[in-house]
Amino acid sequence: MNDRLDSPWNVDERAFPTNAAFEAQARFLLRYAILAPSSHNSQPWEFGIRADAIDVFADESRWLEIADADKRELFLSVGCAIENLRIAAAHFGYAVSVDYRPSDGDDPVATVHLDPDAETASRARPDLFDAITDRHTTHHAYDDQPIPEGVLDRLRGCVRETAVTLLVIDEADRKESIGRLQLRADEHQFDDAAYRAELGHWIGTGALGASWLMARVGRLAVTHLDLGDREGRKNAALLERAPVLAVLVTETDDDESRMRAGQAFERLTLLATSEGIAHHPVSQTLEVPQIKSELAAELGLEESVPQHLFRLGYSDEDEKHTPRRPLEEVVR
């Protein structure tokens, strides 16, 4: 794990520098933004601090060009970081608004405006803020315990974006159908040497939390062995046995829609964390265009677009937080 002397997991919120310059305040808030999830833990975000706002950039040097050819997951990941920033800023008394911009070279893809005006500022829900430092992805199989309908209603309710919809799937036959799509997606991707090399690169960096030795062993295994059938069957079983599969759907498929879907996902996972519910994105079915189309048909979608598929359930397994890039690396 990287040196984390300045890790936000060790920050006492009472230390918030209320009388310091805005840049210092913004850097403090960004400690929470960078705890967001991202595909392969690639952390594809950068930030620029202005007088009263923070520009958000998509760091394409960390784009998964093979697995995420259309940049869907890149912008979902950026949206997750935006949501953490928004929740942390609101918690500390800022009024927050977000402007989205089309991706254009090195320009910011969004700007988060922060207004400390006490009359307009509002506090974020404490359960969401507190969950930022607790949230983590749980890759293990989940218990058979069903998620109560009241909890599912609260999860649906936290997806407030008008252009983002949460679909909840708990029927066994539909989970099995999606599991079969997952198997095919894994086999398709592992047949591609470029995909295996890309995945092996991220495993080898230790970004997924493995030790130095295991990261390098994992890189060699993924790069040189045909693991498609094994991984496909394992992931299909995880989907089929999960109490709930969830899909975030948008009406359009542009960068803003993807960032908004990422914001909705992060908000949902923070609430799930506060409710003791584990989560695990399973994206392969959305990374293969033909299979993504079949998934949309399985979900009964006509014009809408599936943006993110993930499992929800209960688990007693404990997982560590994955390492984060130092703040200095992501602030321009």
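Residues numbered from 1 in each chain as written. Predicted model: local features only at pLDDT ≥ 70, side-chain atom pairs only at ≥ 80, totals over all residues. Heavy atoms only, no water.

1. A few points about the overall build of the protein chain
- When helices and strands are tallied, the protein chain shows twelve helices and eight strands.
- Here the protein chain holds 332 residues, and the buried ones make up 55% of them.
- For the protein chain, contacts bridging at least 24 residues in sequence account for 78% of all contacts bridging at least 6.
- For the protein chain, the exposed area adds up to about 14800 Å²; of that, 48% sits on carbon and sulfur atoms. (Helix = DSSP H or I, 4+ residues; strand = E, 2+ residues; numbered from the N terminus. Buried < 20%, exposed > 50% of the residue type's maximum accessible area, 1.4 Å probe, protein only. Contact = heavy atoms within 4.5 Å. Areas by Shrake-Rupley, 256 points an atom, 1.4 Å probe, with all protein chains shown as cover.)

2. Section: the sheet that holds strand E3 (residues 95–100)
- Read from one edge of the open sheet, four strands run E1-E2-E4-E3, paired in antiparallel fashion. Lying at the two open borders of the sheet, with one neighbouring strand each, are strand E1 (45–49) and E3. Across the sheet, the mean angle separating the axes of adjacent strands is 20° when strand polarity is ignored.
- One ladder, built from five bridges, connects E1 with strand E2 (residues 53–58); its direction is antiparallel. Within E2, the residue paired with Glu46 across the bridge is Phe57.
- Its contacts with the sheet place helix H1 (residues 22–33) against E1, E2 and strand E4 (110–115), and it is angled at close to 165° to E1. (Pairing = 2+ DSSP bridges. Axes fitted to C-alpha atoms, helices over the stretch in contact; angles between N-to-C directions.)

3. Structural notes on the nonpolar core
- Membership of the largest hydrophobic core comes to 64 residues, with the highest contact counts inside it found for Leu29, Phe47, Leu155 and Leu312.
- The element best represented in this core is helix H2 (residues 72–91), accounting for ten residues.
- Excluding residues within four positions of it along the chain, Leu312 makes contact with Tyr142, Ile147, Leu155, Ala242, Pro243, Val244, Ala246, Leu268, Ile277, Ala278 and His279.
- Among the nonpolar cores identified, the runner-up in size contains 20 residues, and Ala242, Val247, Leu286 and Ile291 belong to it. (Core = buried A, V, L, I, M, F, W, Y, C linked by side-chain atoms within 4.5 Å.)

4. Things to note about helix H11 (residues 289–298)
- Along H11, the residues classified as buried are Ile291, Lys292, Leu295 and Ala296. On an axial view of H11, the arc spanned by its buried residues comes to 150°, and they lie on one face. Along H11, the residues that are exposed and aim more than 90 degrees away from the buried face are Gln290 and Ala297.
- Along its buried surface, H11 packs onto H2, helix H5 (172–190), helix H10 (284–287) and strand E8 (305–313).
- Downstream of H11 by one or two residues, Gly300 has phi in the positive range, about 75°. (Arc of directions from axis to C-beta.)

5. Topic: the packing of aromatic side chains
- One pass over the full model with this rule turns up eight aromatic pairs.
- Ring centres 5.5 Å apart and planes at 75° place the aromatic pair Phe28 and Phe92 in the edge-to-face group. Here the residue Phe28 occupies a position in helix H1, and Phe92 occupies one in the loop between H2 and E3, the gap between them amounting to 64 residues.
- Residue Phe92 is classed as buried on the basis of its relative accessible area, which comes to 14%.
- Summarising the aromatic geometry, the rings of Phe265 and Phe310 are spaced 4.9 Å apart at their centres and angled 70° between planes, so their arrangement reads as edge-to-face. Of the two residues, Phe265 sits in helix H9 (residues 255–274) while Phe310 sits in strand E8, which places them 45 residues apart along the sequence. In terms of burial, Phe265 and Phe310 fall into one category: buried.
- Note that Lys71 overlies the ring of Trp63, its terminal NZ or CZ placed 4.7 Å from the centroid. (Phe/Tyr/Trp six-rings, centres within 6.5 Å; stacked < 30°, edge-to-face > 60°. Lys NZ or Arg CZ within 6 Å of the ring centre and 35° of its normal.)

6. Some remarks on the side chain of Gln182
- Following the sequence through the fold, Gln182 ends up in helix H5.
- Classification of Gln182 as buried rests on a relative accessible area of 0%.
- Residues in contact with Gln182, not counting those within four places in the same chain, are Asn235, Ala236, Leu239, Val282, Gln284 and Thr285.

7. Details of the pairing of E1
- Within E1, four of the five residues are buried, which leaves the element mostly enclosed by the surrounding structure.
- In textbook terms, the turn of a hairpin is the stretch between consecutive antiparallel strands, and for E1 and E2 this stretch comprises three residues.

8. Description of the sheet that holds E8
- Strand order in the open sheet formed by four strands is E5-E6-E8-E7, and the pairing between neighbours is antiparallel. Of all strands in the sheet, those with a lone pairing partner are strand E5 (164–169) and strand E7 (278–281), marking the two edges. Within the sheet, the average angular offset between the axes of one strand and its neighbour, ignoring direction, is 30°.

9. A short note on the pattern of salt bridges
- Taken as a whole and assessed by the stated rule, the structure comprises 20 salt bridges.
- With its nearest N and O atoms 2.8 Å apart, the salt bridge here joins Asp153 to Arg156. Placement of the pair is Asp153 and Arg156 together in helix H4 (residues 149–157), with a separation of three residues, close to one helical turn.
- We classify Asp153 as partly exposed; its relative accessible area is 42%. (Salt bridge = Lys/Arg side-chain N within 4 Å of Asp/Glu carboxyl O.)

10. Overview of the packing of H2 against H9
- Interhelical geometry of H2 versus H9 gives an angle of 55° and a closest axis separation of 6 Å. The angle between H2 and H9 falls in the class oblique. Here H2 runs over H9; the crossing is right-handed. Every residue of H9 that contacts H2 at Arg72, Phe75, Leu76, Val78, Gly79, Cys80, Ile82, Glu83, Asn84, Arg86 and Ile87 is listed here: Asp255, Arg258, Met259, Ala261, Gly262, Gln263, Phe265, Glu266, Arg267 and Leu270.
- Of the residues assigned to the contact of H2 with H9, the class counts are ten nonpolar, four polar and seven charged. (Parallel < 35°, antiparallel > 145°, perpendicular 65-115°, else oblique. Left-handed = near helix turned anticlockwise from the far one by under 90°. Nonpolar A, V, L, I, M, F, W, Y, C, P; charged D, E, K, R; others polar.)

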